[in-house]
Amino acid sequence: MNFIQTRGVDPSFQETVTFSEAILSPIASYGGLYVPEKLPELGKVFLNKHLNSSYKELAFDLLKQFEIDIDANVILEALDLYDNFDDKDNPVPVVKVRDNLFVSELYHGPTRAFKDMALQPFGRILSSVAQKKNENYLILAATSGDTGPAALETFKNQDNIQMVCIYPANGTSDVQRLQMVTENAKNLKVIGINGNFDDAQSALKHLLASDSFNKTLKEKDISLSAANSVNFGRIIFQIIYHIHSYLELVRQDEITIGEKVYINVPSGNFGNILGAFYAKEMGLPVEKLVVSSNQNNILTRLINTGVYDIKDDELILTTSPAMDILKSSNVERVLFSLYGAQRTKELMNDLDKNSKYELTNDELKKLQEIFIADYCDDAEGKHYIKTMFDEGYLMDPHTATCLKAYESVCDPKIKSIVYSTAEWTKFSPVIANAITGEIDTRDLDALASISKAAKVDIPQIIKDLFTKDIAQKTVIEKEDIEKSILNFL
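Computed from a predicted model, the values in this text were never measured in an experiment.

Cut-off values and rules
Residues numbered from 1 in each chain as written. Predicted model: local features only at pLDDT ≥ 70, side-chain atom pairs only at ≥ 80, totals over all residues. Heavy atoms only, no water. Salt bridge = Lys/Arg side-chain N within 4 Å of Asp/Glu carboxyl O. Helix = DSSP H or I, 4+ residues; strand = E, 2+ residues; numbered from the N terminus. Buried < 20%, exposed > 50% of the residue type's maximum accessible area, 1.4 Å probe, protein only. Contact = heavy atoms within 4.5 Å. Polar contact = N/O pair within 3.5 Å; in protein donor to acceptor, adjacent residues only side chain to side chain. Disulfide = S-S within 2.5 Å. Core = buried A, V, L, I, M, F, W, Y, C linked by side-chain atoms within 4.5 Å. Pairing = 2+ DSSP bridges. Axes fitted to C-alpha atoms, helices over the stretch in contact; angles between N-to-C directions. Phe/Tyr/Trp six-rings, centres within 6.5 Å; stacked < 30°, edge-to-face > 60°. Left-handed = near helix turned anticlockwise from the far one by under 90°. Nonpolar A, V, L, I, M, F, W, Y, C, P; charged D, E, K, R; others polar.

K.L.:
What should I look at first to understand the pattern of salt bridges in this one?
P.N.:
Pairing is possible between side chains of opposite charge, provided their charged atoms come close. Per the stated rule, a full pass over the model turns up 24 salt bridges. Across the pair Glu363 and Arg343 runs a salt bridge, and its minimum N-O distance is 2.7 Å. Separated by 20 residues along the polypeptide, Glu363 in helix H15 (residues 361-368) and Arg343 in helix H14 (residues 341-354) bring together distant segments of the chain. Across this residue pair, the class does not change: Glu363 and Arg343 are buried. Put simply, Lys386 and Asp390 hold a salt bridge, and the shortest N to O gap is 2.8 Å. Here Lys386 pairs with Asp390, and both are found in helix H16 (residues 378-390), just four residues apart, close to one helical turn. Look at Asp390 and you get exposed, because its relative accessible area is 52%.

K.L.:
For this particular structure, what's the right way to read the side chain of Gln120?
P.N.:
Among the structural elements, Gln120 can be located in helix H5 (residues 115-133). Using a relative accessible area of 6% as the deciding quantity, one classes Gln120 as buried.

K.L.:
I tried to follow the environment of Arg251 on my own but got confused; where do I start?
P.N.:
With respect to the secondary-structure elements, Arg251 resides in helix H10 (residues 232-251). Arg251 sits in the partly exposed class, given a relative accessible area of 28%. Residues Arg251 and Met348, spaced 97 residues apart in sequence, show a C-alpha to C-alpha distance of 42 Å. Sequence-distant contacts of Arg251, that is, excluding residues within four places in its chain, are made with His50, Leu51, Ser53 and His244. Side-chain polar atoms of Arg251 contact the backbone oxygen of His50, separated by 3.1 Å. Side-chain polar atoms of Arg251 contact the backbone oxygen of Leu51, separated by 2.6 Å.

K.L.:
Please explain the state of the cysteines as it appears in this structure.
P.N.:
Here is the idea: a disulfide is a covalent bond, and it sits between the sulfur atoms of two cysteines. Applying the stated criterion across every chain yields a total of zero disulfides. As a non-bridged cysteine, Cys376 has Cys402 as the owner of its nearest cysteine sulfur, 9.0 Å distant.

K.L.:
So what exactly am I meant to see when it comes to the nonpolar core here?
P.N.:
Most often, soluble globular proteins keep nonpolar side chains buried together rather than apart. Phe237, Ile243 and Phe371 are the most contacted members of the largest nonpolar core, which has 140 residues in total. If one sorts the elements of this core by residue count, H10 sits on top with 12 residues. Membership of the second largest hydrophobic core comes to 26 residues, among which are Leu207, Ile222, Ile325 and Ile476.

K.L.:
Can you help me understand the sheet that holds strand E9 (residues 261-266) in this one?
P.N.:
Strands sit in the order E3-E4-E14-E9-E10-E13 across an open sheet of six strands; the sheet is mixed. Each edge of the open sheet carries a strand with a single partner, namely strand E3 (94-98) and strand E13 (371-375). The average undirected angle you get between the axes of adjacent strands in this sheet is 25 degrees. Pairing analysis gives four bridges linking E3 to strand E4 (residues 101-105), with the strands arranged antiparallel. Opposite Lys96, over in E4, you have Phe102 as the bridge partner. On the sheet, helix H12 (residues 298-305) packs against strand E10 (286-293) and E13 and is oriented at approximately 135 degrees with respect to E13.

K.L.:
Help me understand the packing of aromatic side chains, please; the structure alone is not making it clear to me.
P.N.:
Aromatic rings considered in pairs are described by the distance between their centres and by the relative angle of their planes. If you walk through the whole model with that rule in mind, you get 10 aromatic pairs. Ring centres 6.0 Å apart and planes at 15 degrees place the aromatic pair Phe277 and Phe371 in the stacked group. With Phe277 in helix H11 (residues 271-281) and Phe371 in strand E13, this pair connects stretches of sequence that are 94 residues apart. Grouping residues by exposure puts Phe277 and Phe371 together as buried. On the basis of an interplanar angle of 25 degrees and a centroid distance of 5.2 Å, the ring pair of Tyr308 and Tyr357 is categorised as stacked. With Tyr308 in strand E11 (residues 307-309) and Tyr357 in strand E12 (residues 356-358), the pair connects residues that are 49 residues apart, well separated along the chain. Grouping residues by exposure puts Tyr308 and Tyr357 together as buried. Here a set of aromatic residues connected by ring pairs shows up, and it is made of Phe3, Phe19, Phe232, Phe270, Phe277, Tyr278 and Phe371.

K.L.:
Please explain the packing of H5 against helix H6 (residues 147-155) as it appears in this structure.
P.N.:
Two numbers describe how H5 lies on H6: the axes approach to 9 Å, and their chain directions differ by 35 degrees. Of the two elements, H5 crosses H6, and the hand of that crossing is right-handed. Mapping the contact onto sequence places Lys115, Asp116, Leu119, Gln120, Gly123, Arg124, Leu126 and Ser127 in H5 and Thr147, Ala150, Ala151, Glu153, Thr154 and Phe155 in H6. Class assignment of the residues belonging to the contact of H5 with H6 gives a composition of five nonpolar, five polar and four charged.

Everything listed here is a matter of geometry and, on its own, says nothing about what the molecule does.
Right, dumping it as C-alpha cells:
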C-alpha cells in the first residue's frame, strides 16, 4: 500500500511513498502529513476471524491488510514487545465498570501510559528500517507528558538512532518528568523548555520542515524523523486496540458482532481517536466517536460549531496535562478524509496564517455524522474520579474527562468504551486530592495515600524513579532548541 499527502503534492515531492518512506520522513508536501492511499475493509468476516485471536495475532493480520513494506520477521519481533506488558496474553484489559460502560486500559506497558501501545513496536520497526538502510537518524519527539517517556524507552541504545525529546518544563507530572530526565543512554537527549506543549510541537514541525536544519544534518550524515503522532507509524498501531476492545466486548457476551458502540477517547493531539476514526472507516461498528476534552476545549468547539479558533486562546494548565493542547495535529488527517487535499490545504493555511478556520454547514454536518464531543473542567474531573473510586474503580484525570461526555452526549442504551490512557501512578497528587481531599501532596506521599486507600501496590518501576540520578538537566528557552540539538549531535 502506498501513502499520499493531505495537502496535495509539491513538485519536489514524490506523489506517493511507501510505508517505510512515510515513517522515515513523516512531513509531506506543504507541511502536510501522510495518509494511506486506501484503507483496507474489515467487515464481519475479519471480526469473526479474530474473535479468539491473541492481541499479537490480531495486530499482525491488521498490518498485513495494510500491505506495509516491512519484513514479516521484523513485524513479529516488534509485536513480541507486548510480551513485556503486565499480562502478555492480554496487554489491553477491557474492564466493565457499569452496565453499559467499559474501560479499555491502555497503560499496562513499561512507561504506564497508552503511548507504549504504539511506540514499543513502532520504535523497533523504525530502528530496523534505519539499520537495514545503513543510515543514521535523528528522531525528534515533542511531548505533553506520555510520548516522551515511551519514545525514550523504545529508542534508547538503538543502533543508527539518536533521539531528542522536547517537553514543557512545567507542563508534566513529576512522574512523567522523572521518567524522562533519569534516562541516561548516550543516544538520548531530553530538553525542557520554558513554554507549553504547543511551543514544543511547533518547534518540532519547524525543524522537520527546515531546509537549513536538514542541510546541517546531512552534512553530519544524519537524516531526520519524528516519533510524534504526525508519524503514521504511530497511528497504524493505534487502530489495533480499538478493534481489540470491540472484540473483547463480544468475548464478554456484552454485544454481538455488528452491534454498534460508542468509542470515547480523552483527546489532545487527536492521534488516539484518529486510530478509532480509521477503524470505523474500515468497518468497525461504531455509533459515534466521542471526543472528550479538558478546559482546552478547542476540539469540542470544532465539532459542535465547525470553528477552529485559537487566535484569542491561551493554553490552560489543567489536571489532565497530556491534553493541554490547542493545535491538534491529527485533525488534519480527518479533514483530508472528509474534504480532500485542496480543502485541507486551504483550512490548514488559514490556521497557520490566522489561527482560525471555519467549516461550511455541509462540512460540519459531515463531521457531526461521525463525532460528538464535550469537555470536562478540573472540578468535574475530580468529581468523576471520586465517584468511580466509590464505585470500585480507580482512574486517572484524563480518563475521568470521558465520564462527562458519557453522561452528556451518549445514549445510555448503547454500550460505551472509554479509553484509559494513563495509570493512576502518573498523576497521584490530583487523584489523592479527589479521593481524600489532600492538598499539595508530594507525589511520593500521594502514591502511598492512594495505595493505602485503594489497596493496590505501587509498581516498582514507579518507585524506582524517585531514587534514580537526574541525567538530563537541560532547560532552555524555546528559541534555543535547534542550537541545543546541534550541540548534542
